[in-house]
Amino acid sequence: MKKAIRYIDIHGHVNFPEYDADREEVIRRAQEADVGMITVGTDIESSKRAIELAETHENMWATVGIHPTEVSNTVDFQELRRLALHPKVVAIGECGLDYFHCKESDIPAQIEAFEQHIAIANEIKKPLMLHVRNGKRKGDSNLIPTLTLTKTGGNAYKDALDILKKSAKVPFNFHFFAGSIEDMKNIIEVGGTVSFTGVLTFTHDYDELVKSAPLEKIMSETDCPYVSPVPHRGKRNEPAYVIEVVKTIARIRGEDEEKIRLVLLENARRLFFMSR
């Protein structure tokens, strides 16, 4: 009988090389903590690896996609579509727009790739897992000049939403959300969701976002191996640590932890397992 899960890490990368030495132990710890996980692809090879892991482990699922910083002219979107049809693939991505790590010449290719992901998601009726990151603000060091010239001044959230509103026919989640309250309201207004990471445990920068978000529109993730939560700061992150994210969301909102756990789990179930 399949073991029930109590938590879910909707965005992690146990398919990455950082886990090559002890991947099975990391997965076992998550399973023992009743944590389910969605393993996210960032290129064709990591997407294949995510599927392989999902096929061979209980309470694991996969996404397939090309991270915007990995976009190139050699991306085989037909292969990506083939991978996306796998029954354990629950979303397309991570895909989107990254204005932080790019040059002016990168932006058209990112937009084109984003639209290709949306087309695949629309066709096979699976939601989108989005990576969206703003450009540096005026006055920041190493500012990319082109991003001050876009119609939104380098606000990737607004640009991504414009594309989604025009093209997307499926639900979508903005992973590792780091935009403004206005950005979040605009996302939620058109049916999107946002997810938060362990960053919540060591900075108050996101407190107002967490407090003001409709509870049914947020989810928990680790983005492991990155941004380990307190009390694991300085160590490699892993899916079991998503429990700390859930606890912190409850604390910030001043709500019962068990209520938050149940709602976040249901939110993930609704988006990734019922939206198709």
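Thresholds applied
Residues numbered from 1 in each chain as written. Predicted model: local features only at pLDDT ≥ 70, side-chain atom pairs only at ≥ 80, totals over all residues. Heavy atoms only, no water. Phe/Tyr/Trp six-rings, centres within 6.5 Å; stacked < 30°, edge-to-face > 60°. Buried < 20%, exposed > 50% of the residue type's maximum accessible area, 1.4 Å probe, protein only. Lys NZ or Arg CZ within 6 Å of the ring centre and 35° of its normal. Salt bridge = Lys/Arg side-chain N within 4 Å of Asp/Glu carboxyl O. Helix = DSSP H or I, 4+ residues; strand = E, 2+ residues; numbered from the N terminus. Pairing = 2+ DSSP bridges. Axes fitted to C-alpha atoms, helices over the stretch in contact; angles between N-to-C directions. Contact = heavy atoms within 4.5 Å. Right-handed = clockwise from strand over helix to strand, strands pointing away. Parallel < 35°, antiparallel > 145°, perpendicular 65-115°, else oblique. Left-handed = near helix turned anticlockwise from the far one by under 90°. Nonpolar A, V, L, I, M, F, W, Y, C, P; charged D, E, K, R; others polar. pLDDT = per-residue confidence, 0-100.

Participant: Could you clarify how one ought to interpret the packing of aromatic side chains in this entry?
Facilitator: Aromatic rings considered in pairs are described by the distance between their centres and by the relative angle of their planes. Enumeration according to the criterion identifies 4 aromatic pairs in this entry. Ring centres of Phe172 and Phe174 lie 6.0 Å apart, and the angle between their planes is 75 degrees; on these two criteria the pair is classed as edge-to-face. What makes Phe172 buried here is its relative accessible area of 6%. Assessed through its relative accessible area of 0%, Phe174 is described here as buried. An aromatic cluster is built from Tyr157, Phe172, Phe174 and Phe177, whose rings are joined through pairwise contacts. In this structure, Arg261 packs its charged tip against the face of Tyr7, placed 5.9 Å from the ring centre.

Participant: Can you help me understand the pattern of salt bridges in this one?
Facilitator: A pair can form between side chains of opposite charge whenever their charged atoms are brought close. Using the criterion set out here, one finds 19 salt bridges in the structure. Here Glu115 makes a salt bridge to Lys166, at a shortest N to O gap of 3.7 Å. With Glu115 in helix H4 (residues 107-124) and Lys166 in helix H5 (residues 156-167), this residue pair connects regions lying 51 residues apart in the sequence. The exposure class assigned to Glu115 is partly exposed, which follows from its relative accessible area of 31%. A relative accessible area of 61% means that Lys166 is categorised as exposed. With its nearest N and O atoms 3.5 Å apart, the salt bridge here joins Glu208 to Lys211. Here the residue Glu208 and the residue Lys211 both occupy positions in helix H7 (residues 207-212), the gap between them amounting to 3 residues, near one helical turn. By relative accessible area, which is 48% here, Glu208 ends up partly exposed.

Participant: I tried to follow unusual backbone geometry on my own but got confused; where do I start?
Facilitator: Among all residues except glycine, the phi angle is most often negative; among peptide bonds, the trans geometry is most common. At the junction of Cys224 and Pro225, the peptide bond is cis and its omega measures out at 15 degrees in the coordinates. The residue Pro225 is located in the loop between strand E8 (218-220) and helix H8 (242-253) in this model. Here the residue pair Val230 and Pro231 is connected by a cis peptide bond, since its omega of 15 degrees sits within 30 degrees of zero. Along the chain, Pro231 turns up in the loop between E8 and H8. You will see that Asp34, though not glycine, has its phi angle at about 60 degrees, which is positive. Along the chain, Asp34 falls in the loop between helix H1 (23-32) and strand E2 (35-40).

Participant: Please clarify how the sheet that holds E8 should be interpreted in this entry.
Facilitator: In a beta sheet, neighbouring strands are held together by backbone hydrogen bonds and run either parallel or antiparallel to one another. Spatially, the 8 strands line up as an open sheet ordered E1-E2-E3-E4-E5-E6-E7-E8, and their pairing is parallel. The sheet is open, and its two borders are formed by strand E1 (7-12) and E8, each paired with just one other strand. Strand-to-strand, the axes of this sheet are offset by a mean angle of 30 degrees, without reference to chain direction. As paired strands, strand E6 (residues 172-174) and strand E7 (residues 193-196) are joined by 2 bridges and run parallel to one another. Looking at E7, one finds that Phe174 is bridged to Val194. Packed onto the sheet, H4 meets strand E4 (89-98) and strand E5 (128-133) and runs at close to 160 degrees relative to E4.

Participant: Looking at this structure, how should I read the pairing of E1?
Facilitator: Regular strands place side chains that alternate from one sheet face to the opposite one. Most of E1 sits inside the fold, with 6 of its 6 residues counted as buried. Handedness of the crossover joining E1 and E2 through H1: right-handed.

Participant: Can you walk me through the packing of helix H2 (residues 44-56) against helix H3 (residues 77-84) in this structure?
Facilitator: Contact pair H2 / H3: the axes reach a minimum separation of 11 Å and the direction vectors enclose 10 degrees. By the angle class used here, H2 and H3 are roughly parallel. The handedness of the crossing between H2 and H3 comes out as left-handed. Residue-level contacts link Ile44, Ser47, Lys48 and Ile51 of H2 to Glu79, Leu80 and Leu83 of H3. Its residues assigned to classes, the contact of H2 with H3 shows 4 nonpolar, 1 polar and 2 charged.

Participant: Would you take a moment to explain the confidence of the model for the protein for this structure?
Facilitator: Any residue range with low pLDDT should be treated as having predicted coordinates unsuitable for detailed reading. For the protein, per-residue confidence averages 92 on the pLDDT scale, and residues scoring 70 or more make up 92% of the total. Low pLDDT (under 50) marks residues 138-149, which in the prediction has 19 contacts with non-local residues, meaning those over four places away or in another chain.

Participant: Could you clarify how one ought to interpret the environment of Gly191 in this entry?
Facilitator: Locating Gly191 in the fold gives a position in the loop between helix H6 (181-189) and E7. Classification of Gly191 by relative accessible area gives partly exposed; the value is 36%. Each C-alpha atom of the pair Gly191 and Phe16 lies 31 Å from the other, and the pair is 175 residues apart in sequence.

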